[in-house]
Amino acid sequence: MTFLNNLTVVIVTFRTNKEILYNCIDSIDSKIKILVVENSNDNDFKVELEKKYSNIVVLLAKKNLGYGAGNNLGFKNLKTRYGLVSNPDVVYQKDFFNKLENYLKP
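What you are looking at is a predicted structure, and each value in this text was computed from that prediction instead of being measured. (Residues numbered from 1 in each chain as written. Predicted model: local features only at pLDDT ≥ 70, side-chain atom pairs only at ≥ 80, totals over all residues. Heavy atoms only, no water.)

**Here we look at the sheet that holds strand 2 (residues 33–38)**
Filter applied, for reference: Strand pairing is assigned whenever DSSP identifies at least 2 bridges connecting the two strands. Under the scheme used here, helices are H or I runs from DSSP no shorter than 4 residues and strands are E runs no shorter than 2 residues, and both carry numbers assigned from the N terminus. Orientation is described by axes fitted as lines to C-alpha atoms, over the contacting stretch for helices, and by angles from 0 to 180 degrees between their N-to-C directions. It only takes one pair of heavy atoms within 4.5 Å for two residues to be counted as in contact.
Here 4 strands make up an open sheet; going across it, the order is 3-2-1-4 and the pairing parallel. The two strands at the open ends of the sheet, each matched to only one other strand, are strand 3 (56–60) and strand 4 (82–86). On average, each strand axis in the sheet is inclined to that of its neighbour by 25 degrees, with strand direction left out of account. Sheet topology note: the strand 1 (residues 7–13)/strand 2 ladder contains 6 bridges and is parallel. Residue pairing in the sheet places Val 9 in a bridge with Ile 34 of strand 2. Running at roughly 170 degrees to strand 3, helix 2 (residues 43–52) makes contact with strand 1, strand 2 and strand 3 of the sheet.

Dropping the structure here:
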């Protein structure tokens, strides 16, 4: 299994502007799993995001846990070997994940 198949990007949000979040998600290779932890109970957000992107799972925290606890919740739910913490306003360079994979190779 390749590194990219074994990586999940965890993004913690709290009613984040969708355009900002979409810019982040669109900059991540579609082979990479993304786990969005939404610090609210917005089921419409969950349905919309999971419908728009096939590589995303949204966890609803039900309340605002904050950034640290939101990331902890995300990492408790990882199904991959590696996790990467990301803010929703990050836009990754096209070769970022390949560079990351090369850097982490033994």
